[in-house]
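So the chains spell out like this:
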Amino acid sequence: MKIAILPGDGIGPEITAQAVRVLNALGENFEMEQADVGGAGYAAHGHPLPPASLALAKGADAVLFGAVGDYKYDTLERALRPEQAILGLRRELGLFANLRPAILYPELAGASTLKPEVVSGLDILIIRELTGDIYFGKPRGVRECPDGPFKGEREGFDTMRYAESEIRRIAHVAFQAARKRGKRVTSVDKANVLETFQFWRDIVTEVHQDYADVELEHMYVDNAAMQLVRAPKKFDVIVTGNMFGDILSDCAAMLTGSIGMLPSASLDANNKGLYEPSHGSAPDIAGKGIANPLATILSAAMMLRYSLNMAAQADRIEAAVKQVLAQGLRTPDIYEAGTTKVGTAEMGDAVVNALR
Ligand SMILES: NC(=O)c1ccc[n+]([C@@H]2O[C@H](COP(=O)([O-])OP(=O)(O)OC[C@H]3O[C@@H](n4cnc5c(N)ncnc54)[C@H](O)[C@@H]3O)[C@@H](O)[C@H]2O)c1
Ligand SMILES: CC(C)[C@H](C(=O)O)[C@@H](O)C(=O)O
Ligand SMILES: [Mg+2]
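The chain appears in an unreviewed UniProt entry as 3-isopropylmalate dehydrogenase from Massilia soli. The UniProt entry for the chain carries this comment under Subunit (unreviewed entry): "Homodimer." The annotation that UniProt attaches to the chain under Sequence similarities (unreviewed entry) is "Belongs to the isocitrate and isopropylmalate dehydrogenases family. LeuB type 1 subfamily."

Written as structure tokens, this is what we have:
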């Protein structure tokens, strides 16, 4: 089993190192090879997704990704910015299905900014379409406004679009996932305003005809954002487009206590995948040794389960994470009085020691 390790920037290398230690401690014979991406790729090779890094990712059985981005690169032309590494990998590897499970570990009920009774027992799955929408639609750019009240001025523009087959395949992923859980799908859109998302709603409704055993509801994205903090446990599976999914998953992260707890899997049609925490490179805490590595460690567990067919090893990692939380160990982002504050490496140590 070959795993490509792409640590990236900021806290990326710190958190990925802990996930690699946990993988090594499982006692399997993983072949792991590391490569530069993001700002690190640009600094060393002049491109955020150097050809050798892309080739490594394509040739591996799975990819473990840290995070990319650094404010010092924000003035580069877009094609060279660190974020192009993750966008390019998603596009080049066809990773259209992004699974972001938001689970509240009981020990962290007090770490969420929401009242414990609102979040305790939370277990929802956000399924974000990852290779379409306004993120990848063309044309895009800055041009002279061709008409209307702002004619002649410069304007920035992007294109929101979804092809029918793109909506169908992500809808199937959502209904199939719901079948293995609470059998409820909420499709989140903006059909009241946007053509793209009226089309989305129509196609999701059509696909639903194949899944009579799964309940489907449609919800506008503004209401969904509100319901996520009002009564998040009412959701089971949420399926939505690329941009709404980006925003709603950060919102859901806070239900779990911290964005440092939210793992993700990005899958192609054959369950080949890239695994990364849902958060970014956190430049504000990079190099301080205080980042929470659990989202990345839990992403490694998802990798074992979804791409490497090693569910028992995934269970071992998840059980170890539960145990360190039960022991009261907390990185600063999830710390509360009465628990023990630890750094990134100590948290990694604890998970390794808790493996059974
Ligand atoms: N997939 C990715 O690689 C990815 C995802 C999101 C943002 N980014 C990039 O990351 C950079 C920073 O973006 P941002 O600040 O908007 O979002 P961010 O997720 O990096 O950070 C937001 C806040 O959450 C905190 N945080 C994030 N991860 C944490 C962890 N593991 N432990 C403790 N605290 C954590 C940060 O300290 C910060 O206060 C930008 O360049 C952005 O483009 C990359
Ligand atoms: C870094 C950025 C391109 C990325 C996104 O917007 O998809 C990030 O926010 C995420 O959630 O993975
Ligand atoms: Mg995001």
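There is more to say after this.
Student: How do you make sense of the overall build of the chain when you look at a structure like this?
Tutor: When helices and strands are counted, the chain shows twelve helices and 14 strands. In terms of overall size, the chain behaves like a compact globule, its C-alpha atoms giving a radius of gyration of 20 Å where 356 residues would be expected to give roughly 21 Å. Along the longest, intermediate and shortest principal axes, the C-alpha atoms of the chain span 65 × 50 × 40 Å. Here the chain holds 356 residues, and 54% of them are scored as buried. Sequence separation of 24 or more characterises 74% of the internal contacts of the chain that already satisfy a separation of 6 or more. Of the roughly 15100 Å² that the chain leaves accessible, carbon and sulfur atoms contribute 51%. Across the chain, 37 positive and 45 negative side-chain charges occur, with their mean positions spaced 2 Å apart.

Student: Could you clarify how one ought to interpret the domain arrangement of the chain in this entry?
Tutor: Interface size is commonly expressed as the accessible area that is lost once the parts come together. Along its sequence, the chain is carved into domain 1 (1–95 + 268–356) and domain 2 (97–263). Taking only C-alpha atoms into account, the centre of domain 1 sits 23 Å from that of domain 2. With 24 residues of domain 1 at the contact, the number on the domain 2 side is 23 residues. When the two sides are added together, the surface that domain 1 and domain 2 hide from each other amounts to roughly 2100 Å², 64% of it contributed by carbon and sulfur. Linking domain 1 with domain 2 are zero salt bridges. Where domain 1 touches domain 2, the interface holds six residue pairs in polar contact (both at pLDDT 80 or more). Those elements that provide at least two residues to the side of domain 1 that touches domain 2 are α4 (83–92), α10 (294–306) and α11 (311–326). The element contributing the most residues to the side of domain 1 that touches domain 2 is α10, with six residues. Counted by class, the side of domain 1 that touches domain 2 contains twelve nonpolar, four polar and eight charged residues.

Student: Honestly, the site of ligand 1 in this entry has me stumped. Any pointers?
Tutor: In the neighbourhood of ligand 1, 21 residues make up the surrounding shell, with Val68, Glu83, Gly280, Ala282 and Asp284 lying closest. Between Tyr71 and ligand 1, the recorded distance is 3.2 Å, taken from a side-chain N or O atom to an oxygen atom. Here a nitrogen atom of ligand 1 and a backbone polar atom of Asn292 are 2.9 Å apart. Protein coverage of the free-state accessible area of ligand 1, which is 800 Å², stands at 72%. With respect to the pocket detection grid, ligand 1 is positioned in the second largest pocket. In terms of residue class, the shell around ligand 1 is made up of ten nonpolar, six polar and five charged.

Student: Can you walk me through the pairing of strand β4 (residues 97–103) in this structure?
Tutor: β4 sits mainly inside the fold: six of its seven residues count as buried. Looking at chain direction, β4 and strand β11 (residues 265–267) are connected through three bridges and run antiparallel. Counted as the bridge partner of Leu99 is Ala265 from β11.

Student: Please explain the side chain of Asn292 as it appears in this structure.
Tutor: Tracing the sequence through the fold places Asn292 in the loop between β12 (273–275) and α10. One polar contact links the side chain of Asn292 to the main-chain carbonyl oxygen of Gly260, over a distance of 3.5 Å. A distance of 3.1 Å separates a polar atom in the side chain of Asn292 from a polar atom in the side chain of Asp333. Every residue in contact with Asn292, bar those within four places of it in the chain, is listed here: Ile15, Gly260, Met261, His279, Thr331, Asp333 and Ile334.

Conventions we followed
Residues numbered from 1 in each chain as written. Chains lettered and ligands numbered in written order. Predicted model: local features only at pLDDT ≥ 70, side-chain atom pairs only at ≥ 80, totals over all residues. Heavy atoms only, no water. UniProt positions renumbered as here; feature names shortened; annotations may be inferred. Helix = DSSP H or I, 4+ residues; strand = E, 2+ residues; numbered from the N terminus. Rg over C-alpha atoms; globule rule 2.2 N^0.38 Å. Buried < 20%, exposed > 50% of the residue type's maximum accessible area, 1.4 Å probe, protein only. Contact = heavy atoms within 4.5 Å. Areas by Shrake-Rupley, 256 points an atom, 1.4 Å probe, with all protein chains shown as cover. Lys, Arg positive; Asp, Glu negative; His and termini not counted. Charge placed at Lys NZ, Arg CZ, Asp CG, Glu CD. Domains from an automatic or database assignment. Buried area = accessible area lost by both parts, 1.4 Å probe. Salt bridge = Lys/Arg side-chain N within 4 Å of Asp/Glu carboxyl O. Polar contact = N/O pair within 3.5 Å; in protein donor to acceptor, adjacent residues only side chain to side chain. Nonpolar A, V, L, I, M, F, W, Y, C, P; charged D, E, K, R; others polar. Near = heavy atom within 4 Å. 1 Å grid on protein atoms, 1.4 Å probe; cavity = no way out; pocket = protein on both sides within 12 Å on 5 of 7 lines; lining within 4 Å. Sits in = over half its atoms within 2 Å of the grid points. Pairing = 2+ DSSP bridges.

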